[in-house]
Amino acid sequence: MKIIQKILTMVSSRCSDELSGLSAALLLMLLPVSALAQSGVWYLPEHNETVRVISVAAGNAFARDTYLSASRYDGWAIGLEGDSWTGYRPDRLFSYGRSLSSVFFSPMTNRLDGGSTLEAGISDYLAFLWPAIRNNRQDLLIGPSAMFKANVLYNRQNSNNPVNGAGYLAGGLSVDYSLRFSLLRYDMAMQATFYAPLAGLGFAPDYDQPYWYMYNYGDYGKALHFITPFNNPAFLQQVAFVLPCRGTRFRVGYSFDYIGNRLGGHSRNIFNGMFTIGCALRFQNKEWNQ
Amino acid sequence: MKREIYIRLTASVVLILLMVACSQKTEREDMEFSNTPAGNFLSLWTIMDERYCFFDLKKEQLGVDWDEVQERYAASISNEMSSKSLFEVLCSMIGELRDGHVNLTSPYDYGRNWSWKTDYPSNYSADLREKYLGKDYVIAGDGYFYRILDDNIGYLVVESFGSFISSNRINVMFGNMLLCNGLIIDIRDNGGGDLRAAEFLASHFTEKSLPVSYSCYKTGPGHNDFSKLYTNILTPAKEDMRWIKPVVLLTNRGCFSSANDFAFTMKALENVTLMGDTTGGGGGLPMSSELPNGWVVRFSSAPTYDSEMNDVEFGVAPDIRLDMDDDDIKAGKDTYIERARKFINDKLVNP
C-alpha cells in the first residue's frame, strides 16, 4: 500500500509540475491535430440527454498556508468525482450544461516529517457552454461557469489556531475540448477542461483574526473578500481519455486543482493533483416541459 | 476554417492571460526560509516580528527592541551549530519578551520564560490548601473543589480552567452554600485553560450584563496593525443560580492566561474583592506557527484590555495586596484564606 502511495505521489507530483505552466488543453488546441473521423466512443449529449461519469481519484496534494504555518506540506490524496454533461435545446446559445463535483481528503506531512496537516475539501462546478466548434472529430465548448470550492486545513501541531479554511464562490470562464481519434485501430477520445474563476467572493481570515472572534462577535465580514485572478489565482484543469472496453466506456484522466489566494494578508497555496478512473453512462432525461 | 482558427487563438490568449495571473507572486509568498540554523533563526524572528502583538508594550516596560534583539542574537548563529545549541539561542531570544504565551516546542524540550511567576514569591502552599479543604471536600468538576469552612464561609478552589464546571454542579454547589455568609474563590497557581470556562464561571456572579474587557487582533505585519476593539460583555447565567453575596478572589503570580482573564472579569463585579498578589498576566490570545525544521512556535496574537482599558499582559493588581506570613505558615495557617475570612466576617458587621 505504501509503495502504491509513494508511486502515486511521485508520478502525480511530476505531472503537476509539468502541467502547472500550461494546460494540456491549451497545447492540444495550438497543435495541428490530425484526428480521424468521428468514432462512437464519445460524443456530446443530445437534447434531453445526460452523460455522467463517476470516478474515484488518487494522487497527491500540496499545501502551504501562512495563517497556520510557514512550512510546506505534501502527501497523498484520495477523492470521489461526479461529472455530468447535459444537452439542452439546440436553439439555445448555451446548448450544453456541465457540472463537476468532487470531494477529497489528504493527510500531509512537512518535508521533515515533523508535523502533519490534514486537508479535506469539496468543490462544485457548474458551466453553461456554447459550442464554438462541433464537428466529427472535435468539440470546443466555451462558456460562463460558477464554482464553489472549500478547503479545510487542520494543522495538528497548532494549539489555538489549528484550522483554517480557504474557499470561494465565483463566476469564471470555462473551456471544454474533446478530440476523437484512433490509436492502434482502437477508437478513443481525449477530453480537456480548463476553468478559472474571474470574480466572486472568497473566504480567508483577516490576517490573524482568530476564528473564535468570528464566532464570538459574529464578525464574518472581514473574512469575506472580493476575489479576482490577481488576489485569488485558481484554476481547475482536467485531461482525460475515454476508452471503450467490452461495451463500457471508461474514462481515465488527471485533474489538477489549484488555489493560490493572497487574501487577508496571508498567503495560501493548495493544490490537488489526482488521477481519476471512472465509467461513463448515458441517460435519457424526462421531458420537463411536457 | 478561419472561424475555427480565430476561436482557437482567442481561447489561447485568454488562457495565457489567466495563467500569467496565476503565476504572479508577492513578496510575502516568496518569503520562505531554509532549514538551516540561519534560516530557522530568521524564520522565528520574522514570525514574531509580524505576528506578535505586544512589541510596543514590551519596549515600554522591558526595553525590548526587537530589531536590536535580532542583531544581538544573529551573532550567535552559525550553520555549524548543533540543533540543541540553536534551540537554546532561539529560546533565549524569545525569552526576552518574558511572555508565558511565547514558547518554542522541539522534540526534546519546551522553551519558555516563566519569570512572570518564578521571579516573585509564590504566596501559595499546596499543603496548607489541602489542610483547609480537609478530606471531605466536594469535587465539583475537573479542577474544581469546594467545602464550607467552620465560620460558614464557602471555599472554592479552581486549580485550572482546562475544563468547564457544569451548570448542574454549580447549582448544587450554590444550593449547599445557600446559608453561607460569603465565598472565597482560590485561583492561586491556576495556569489558565479555556477562556470560555473562566467566563462561564464568572457569569454566575453577576445580576446584570456589563462590559468586562476589550480585545482586538492583528490585521497586518506592522507592530501597530490592529483591528477595532471588540467589547466583551459578561452576561448573567440566567438559567442557573447566581451568587450575589460577598466574594473574595485569591490571586498570586501563578494565575496566568484564562485565570488572569477570570481575575479582571471578576474585578469588574461589585460584590467581588481581589485579594493577594498581582496575577502573572498573559493577556494575549496565543496562536502558533512553525519553523522550517518543524519546531512549533506559540506567540501572543490578540491583546486584551480590562474594563478600564488597562493592559493586562503584566497581570491584574489586587484590591487588597497581601503576602503570606511566615509565622502563619509555621502555625499551619494560610494568611490569604484567613484574611479573606476576616474580610467577609467584617462585612457582615459593617456591610
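Residues numbered from 1 in each chain as written. Chains lettered and ligands numbered in written order. Predicted model: local features only at pLDDT ≥ 70, side-chain atom pairs only at ≥ 80, totals over all residues.

1. What to know about the overall build of chain B
Then comes step 1: When you go through chain B residue by residue, the secondary structure sums to 13 helices and 13 strands.
Then comes step 2: The C-alpha atoms of chain B give 26 Å as radius of gyration, which overshoots the globular expectation for 351 residues (20 Å, by more than 25%).
Then comes step 3: Referenced to the eigenvectors of the C-alpha coordinate spread, the extents of chain B come out at roughly 100 × 55 × 35 Å.
Then comes step 4: Buried residues in chain B amount to 42% of all 351 residues.
Then comes step 5: In chain B, of all internal contacts separated by at least 6 residues, the share reaching a separation of at least 24 is 72%. (Helix = DSSP H or I, 4+ residues; strand = E, 2+ residues; numbered from the N terminus. Rg over C-alpha atoms; globule rule 2.2 N^0.38 Å. Buried ≥ 20, exposed ≤ 12 C-beta atoms within 10 Å, placed from the backbone. Contact = placed C-beta atoms within 7 Å.)

2. Some points on the environment of Thr109(A)
Residues and elements named next belong to chain A.
Then comes step 1: Along the polypeptide, Thr109 turns up in strand E3 (residues 96-110).
Then comes step 2: Overall, the presence of 16 C-beta atoms within 10 Å leaves Thr109 in the partly exposed class.
Then comes step 3: Thr109 sits 35 residues away from Asp74 along the chain, and the two C-alpha atoms are 5.7 Å apart.

3. Notes on unusual backbone geometry
Residue and element names in this part refer to chain A.
Then comes step 1: At Asn48, a residue that is not glycine, the phi angle is positive and equals roughly 65°.
Then comes step 2: The topology assignment puts Asn48 in the loop between helix H2 (24-30) and strand E1 (49-65).
Then comes step 3: Positive phi outside glycine occurs at Tyr207, with the angle close to 55°.
Then comes step 4: Mapped onto the elements of the fold, Tyr207 is located in the loop between strand E7 (186-203) and helix H3 (211-217).
Then comes step 5: Note on Tyr207: 23 C-beta atoms within 10 Å, which makes it buried.

4. Notes on the pairing of strand E10 (residues 248-259) of chain A
Where a strand is regular, its side chains alternate between the two sheet faces.
All names here are of chain A.
Then comes step 1: In this sheet, E10 lies alongside strand E9 (residues 234-245) in antiparallel orientation, the contact comprising 12 bridges. Directly across from Gln237, in E10, lies its bridge partner Phe256.
Then comes step 2: Linking E9 to E10, which pair antiparallel, is a turn of two residues; within it Arg246 sits at a positive phi near 50°.
Then comes step 3: By the bridge criterion, 11 bridges tie E10 to strand E11 (residues 268-284) in an arrangement that is antiparallel. Residue Tyr258 lies in a different strand from E11, and its bridge partner there is Phe271. (Pairing = 2+ DSSP bridges.)

5. Overview of the sheet that holds strand E10 (residues 272-276) of chain B
Residues and elements named next belong to chain B.
Then comes step 1: An order of E3-E4-E5-E6-E9-E10-E13 is seen for the seven strands of this open sheet, with the pairing classed as mixed. Each of the sheet's edge strands pairs with one partner strand only, and the pair in question is strand E3 (138-141) and strand E13 (320-321).
Then comes step 2: With three bridges joining them, E3 and strand E4 (residues 144-148) adopt antiparallel strand pairing. In the strand pairing of E4, Gly141 is matched with Tyr144.
Then comes step 3: The strands that helix H8 (residues 126-133) touches are E4, strand E5 (153-158) and strand E6 (182-186); relative to E5, the one it contacts most, it runs at about 135°.
Then comes step 4: Helix-sheet contacts for helix H13 (residues 335-349) involve E5, E6, strand E9 (247-251) and E10, and the interaxial angle to E10 is about 150°. (Axes fitted to C-alpha atoms, helices over the stretch in contact; angles between N-to-C directions.)

6. Remarks on helix H6 (residues 83-95) of chain B
All names here are of chain B.
Then comes step 1: With 13 residues, H6 extends 18 Å from end C-alpha to end C-alpha; this agrees with the ideal 18 Å at 1.5 Å per step.
Then comes step 2: Considered for burial, the residues of H6 that qualify are Leu86, Phe87, Leu90, Met93 and Ile94. Summarising the axial view, the buried residues of H6 lie within an arc of 125°, below the 170-degree limit, and thus occupy one face.
Then comes step 3: In the core, the buried residues of H6 are packed alongside helix H3 (37-51), helix H5 (66-74), strand E1 (103-106) and strand E2 (109-111). (Expected span 1.5 Å × (residues − 1). Arc of directions from axis to C-beta.)

7. Overview of the packing of H3(B) against H6(B)
All names here are of chain B.
Then comes step 1: Between H3 and H6, the least distance of the axes is 11 Å, while the angle of their chain directions is 20°. Taken together, the axis directions place H3 and H6 in an arrangement best described as roughly parallel. Crossing handedness for the pair H3 and H6: right-handed. Two secondary-structure elements touch here, H3 through Pro37, Asn40, Phe41, Leu44 and Met48 and H6 through Leu86, Leu90 and Ile94.
Then comes step 2: Among the residues forming the contact of H3 with H6, the class breakdown is seven nonpolar, one polar and no charged. (Parallel < 35°, antiparallel > 145°, perpendicular 65-115°, else oblique. Left-handed = near helix turned anticlockwise from the far one by under 90°. Nonpolar A, V, L, I, M, F, W, Y, C, P; charged D, E, K, R; others polar.)

8. Observations regarding the confidence of the model for chain B
All names here are of chain B.
Then comes step 1: Per-residue confidence for chain B gives a mean pLDDT of 91, with 91% of residues at or over 70.
Then comes step 2: Across residues 21-30, where pLDDT falls below 50, the model places 15 contacts with residues more than four positions away in sequence or in other chains.
Then comes step 3: As scored by the predictor, the complex reaches a pTM of 0.83 and an ipTM of 0.79. (pLDDT = per-residue confidence, 0-100.)

9. A few points about the pairing of strand E12 (residues 296-306) of chain B
Residue and element names in this part refer to chain B.
Then comes step 1: Taking burial as the measure, the 11 residues of E12 include 10 buried ones, the bulk of the element.
Then comes step 2: As paired strands, strand E7 (residues 210-215) and E12 are joined by three bridges and run antiparallel to one another. What sits directly across from Ser213, in E12, is Asp306.
Then comes step 3: Bridge analysis of strand E11 (residues 284-290) against E12 gives seven bridges, and the strand direction is antiparallel. Bridged to Leu285 within E12 is Ala302.

10. Focus on the nonpolar core
Then comes step 1: Membership of the largest hydrophobic core comes to 56 residues, with the highest contact counts inside it found for Ala63(A) and Tyr195(A).
Then comes step 2: Once residues within four sequence positions are removed from consideration, Ala63(A) is found in contact with Tyr73(A), Met108(A), Thr117(A), Glu119(A), Leu153(A) and Ile270(A).
Then comes step 3: Residues Leu156(B), Phe161(B), Val247(B) and Val248(B) belong to the second largest nonpolar core, which totals 48 residues. (Core = buried A, V, L, I, M, F, W, Y, C linked by C-beta atoms within 7 Å.)

11. Considerations on the domain arrangement of chain B
All names here are of chain B.
Then comes step 1: When cut into domains, chain B gives domain 1 (34-117) and domain 2 (126-286 + 301-349).
Then comes step 2: The C-alpha-based centres of domain 1 and domain 2 are spaced at 32 Å.
Then comes step 3: Facing the 12 residues of domain 1 at the interface are 19 residues of domain 2.
Then comes step 4: Within the residue set of the side of domain 1 that touches domain 2, elements represented by two or more residues are H3, helix H4 (55-62) and helix H7 (115-118).
Then comes step 5: When residues of the side of domain 1 that touches domain 2 are assigned to their parent elements, the largest contribution, four residues, is made by H4.
Then comes step 6: Across the side of domain 1 that touches domain 2, the residue classes tally to five nonpolar, three polar and four charged. (Domains from an automatic or database assignment.)

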